[in-house]
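# Close look at the chain arrangement
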Amino acid sequence: MIALTEEIRDHQFRYYVLDKPIISDGEFDVLLKRLQSLEAKHPELKDSNSPSDLVGGGFSTHFTQHDHIEKMMSLDNVFGADELNLWFDRIEKSGLKNSWLCEVKVDGLAINLLYEKGKLIRALTRGNGTTGEDVTLNVKTISSVPHELSGKKIPELLEVRGEVFFPVEAFNDFNDGLEEEGKQRFANPRNAAAGSLRQKDPRVTATRPLSMVVHGIGASSGVEFTSQSGAYELLKSWGLPTSNRFKVATSRKDVIEFINHYEKHRHDVEHEIDGAVVKVNEISIQSELGFTSRAPKWAIAFKYPPEEVTTKLLDIRVSVGRTGRVTPFAFMEPVVVAGSTVTNATLHNQEEVERKGILIGDTVIIRKAGDVIPEVLGPVLELRTGKETKFVMPELCPDCGSKLRAMSEGDVDLRCPNSQSCPAQLRERIYYIGSRAALDIDVLGYEAATVLLSDGLLRDEAGLFGLTSKDLEGSSFFKKKDGTLGANAEKFLLALDSAKSQPLWRVIVALSIRHVGPTAAQALAKNFGSIERIQSASIEELAEVAGVGEIIAESVIEWFSIEWHKEIIRAWGSAGVLLVDVPKENNSPQTLSGMTLVVTGSLVDFTRDGVSEVIAAHGGKASSSVSKKTDYVVVGDAPGSKAAKAEELGVRILDEAGFKALLRGEKP
């Protein structure tokens, strides 16, 4: 469960922060459902900050953070008629008579617009549902978003939720332009929209033909909505971009007809869609049904199955990643699927190739799952000619010639053990250091990483922060035609200097320690406070940290046992990279000093992440499991087994009001 939680949070980071997911939406849904199933069977082992309870994407970037006035929820998903009918049954068991609002599910970037007295004050991404990134200036470049509302009875305050998207036709033209300029194409419209909206310079965003559609309301004052459809009419009258692709249905049959219609006509819509959304239309009934900790009970997303096509598998090749993992991938005849041309698809490992029965030369079925990552489902056996050949995993690394081996007993993945000097691993690691997942170093992209190594400016990552302008003179990549250094050299050196003061957890991520993603890195930084303390910690001390565990602890111990890894730390430290955690200033009264608290269920005024931060800020420890050493268990709506465990052990139980009193230093 710990490993699965870490994997899910890593994928959320890639999706919400990097805009570069490495698995499909469908694959992510499988991981999340598996975690939810395990948590249902073993509630006592559930992490208090489990991604099953949280709206995804609560990660920091270089944009300013602001809180939403009203929490910005996600949606629960169903994948077929049976699951949808179970949801209908739960709604109708309440005895409430209602109609349904059906609308298409836009595959874009969720945005919250805040209007005060009709003027657009702020635009935030969803973030973790409570706090989002301020992208106001960039959103103001979108022509369909009014800077000031018009019409009658403008509300005093209004939060409007919607999706920013890249129209498909405009996206295709934009991508063609990038290709003509020799630049990398965007994978899909959703990534293009997210990347465009996160530009540091709004002038760049203004050149991108983004659009927006609104589909929900957050906080409001000076206005009352009686129905979802009526709310859309009002929003439209104020000049906000609403969709005409919705329908008010009075029966399940009408809802199913709407869903089926748009599944057949998904490519007739001006933007990408990945499903349909069904909502209770009456606002009063929405209020009665309420919310879970992450989603409204009165709405559901019906996700369409990914699209599938067939093509010829020309070859199976392998690539080497930054931790040495050697991954087979399919090289195919180009084919258009889900709106883009595909030539490569992942095959994970040799065991997966054998399990699917794929041969080189097969006609294969590929699915661009979730409209993001192409996946080979299997061969079309009827079309085999007998000339197909079996794939054999190479014994040697294709980049350095080292003998490949499994890194541990039972590991199905083969790895190149030459981590220090394998060109592919070096290139991938240095590129990763510059990515937004790690230290976010401007200019240090894939091309720059390749050039730094091929031109001999770097032997490995140890020398990265010691690079000077004189060093860069030895590379044509950083020079202009007249031989002087170009603007990218100055930008690169400034970015390197800025990266030295990045938070400790980002430095840990940048080291490419196997299994250590952002969540584990943050836990290590918080609990140990410095690279030196992490390096000297025992495996038991590391494994005890929530979010780390034994597997990650073993990887950390192994990484720091290698001498050239230690040299990276020494070199970075000497160059001025911050290797200690600098805590934020905390002015909260230490009313929980020495106490251990466990929170179960949903609280009204605190999110799951937020309540843990509040406990820590007041000097307490937020734990995920109840024991005799627990001082208090705070119980909210729909608590799990932890409340019963507290009663069994005689641990004191608080409601939310009692918890607030404890924070104030009062007797609860």
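Relevant structure appears above.
## Re the pattern of salt bridges
Inspection of the entire model under this criterion finds 22 salt bridges. With a shortest N-O distance of 3.6 Å, Glu 375 and Lys 356 are connected by a salt bridge. With Glu 375 in strand β16 (residues 373-379) and Lys 356 in helix α11 (residues 350-356), this pair connects stretches of sequence that are 19 residues apart. The residues Glu 375 and Lys 356 share a single accessibility class, namely buried. Between Arg 570 and Glu 567 there is a salt bridge, and its shortest N-O distance comes to 3.2 Å. In this pair, Arg 570 and Glu 567 both sit in helix α21 (residues 563-574), 3 residues apart, roughly one turn of the helix. Each of the salt bridges in this network shares a partner with another, and the network as a whole consists of Glu 352, Arg 355, Lys 356 and Glu 375.

## Quick word on the sheet that holds strand β10 (residues 273-280)
Strand order in the open sheet made by the 5 strands is β2-β11-β10-β3-β9, with mixed pairing throughout. The open sheet has two free edges, formed respectively by β2 (77-78) and β9 (246-249), since each of these has just one partner strand. Relative to strand β11 (residues 299-303), β10 runs antiparallel, the two sharing 5 bridges. Residue pairing for β11: Val 277 is matched across the bridge by Ala 301.

## What to know about α21
Here α21 is 12 residues long and its end C-alpha atoms lie 16 Å apart, about the 16 Å a rise of 1.5 Å per residue gives. Taken together, the buried positions of α21 are Trp 564, His 565, Ile 568, Ile 569, Ala 571 and Trp 572. The buried residues of α21 all sit within an arc of 165° when viewed along its axis, so they share a single face. Contacts made by the buried residues of α21 are with α12 (423-434), α16 (504-510), α18 (531-536) and α20 (549-560).

## What to know about the side chain of Ser 196
Structurally, Ser 196 is set in helix α6 (residues 189-197). Within polar-contact distance, the side chain of Ser 196 engages the backbone oxygen of Ala 192 at 2.6 Å. Leave out the neighbours within four places in its chain, and Ser 196 touches Asn 138, Phe 166, Thr 205, Arg 208 and Leu 210.

## Side note on the sheet that holds strand β8 (residues 211-221)
If you trace the 4 strands from one edge of the open sheet to the other, you get β5-β4-β7-β8, paired in antiparallel fashion. The two strands at the open ends of the sheet, each matched to only one other strand, are β5 (119-125) and β8. Ignoring strand direction, the axes of neighbouring strands in this sheet form an average angle of 25°. For strand β7 (residues 157-165) and β8, the ladder comprises 8 bridges, and the chain directions are antiparallel.

## Observations regarding the environment of Phe 88
Take Phe 88: it is sitting in helix α3 (residues 81-92). Between the C-alpha atoms of Phe 88 and Val 278, which are 190 residues apart in sequence, the distance is 10.0 Å. Sequence-distant contacts of Phe 88, that is, excluding residues within four places in its chain, are made with Trp 100, Arg 252 and Val 255.

## Points about the packing of aromatic side chains
Counted under the stated rule, the structure contains 15 aromatic pairs. With centroids separated by 5.3 Å and ring planes inclined at 80°, the aromatic side chains of Tyr 232 and Phe 246 adopt a geometry described as edge-to-face. A residue pair is termed long-range when its members are at least 10 positions apart, and Tyr 232 in helix α8 (residues 228-237) and Phe 246 in strand β9 qualify at 14 residues. Judged by relative accessible area, which is 28%, Phe 246 ranks as partly exposed.

## Quick look at the side chain of Asp 460
Mapped onto the secondary structure, Asp 460 falls in the loop between α13 (446-454) and α14 (469-472). Buried and unpaired, Asp 460 has no salt bridge, with Arg 459 as the nearest side chain of opposite charge at 4.4 Å. A distance of 2.9 Å separates a polar atom in the side chain of Asp 460 from the backbone nitrogen of Ala 462. With residues up to four places along the chain from it excluded, the contact list for Asp 460 reads Gln 420, Leu 426, Ile 430 and Trp 564.

Reading the values: rules and limits
- Residues numbered from 1 in each chain as written.
- Predicted model: local features only at pLDDT ≥ 70, side-chain atom pairs only at ≥ 80, totals over all residues.
- Heavy atoms only, no water.
- Salt bridge = Lys/Arg side-chain N within 4 Å of Asp/Glu carboxyl O.
- Helix = DSSP H or I, 4+ residues; strand = E, 2+ residues; numbered from the N terminus.
- Buried < 20%, exposed > 50% of the residue type's maximum accessible area, 1.4 Å probe, protein only.
- Pairing = 2+ DSSP bridges.
- Expected span 1.5 Å × (residues − 1).
- Arc of directions from axis to C-beta.
- Contact = heavy atoms within 4.5 Å.
- Polar contact = N/O pair within 3.5 Å; in protein donor to acceptor, adjacent residues only side chain to side chain.
- Axes fitted to C-alpha atoms, helices over the stretch in contact; angles between N-to-C directions.
- Phe/Tyr/Trp six-rings, centres within 6.5 Å; stacked < 30°, edge-to-face > 60°.
- Lys, Arg positive; Asp, Glu negative; His and termini not counted.

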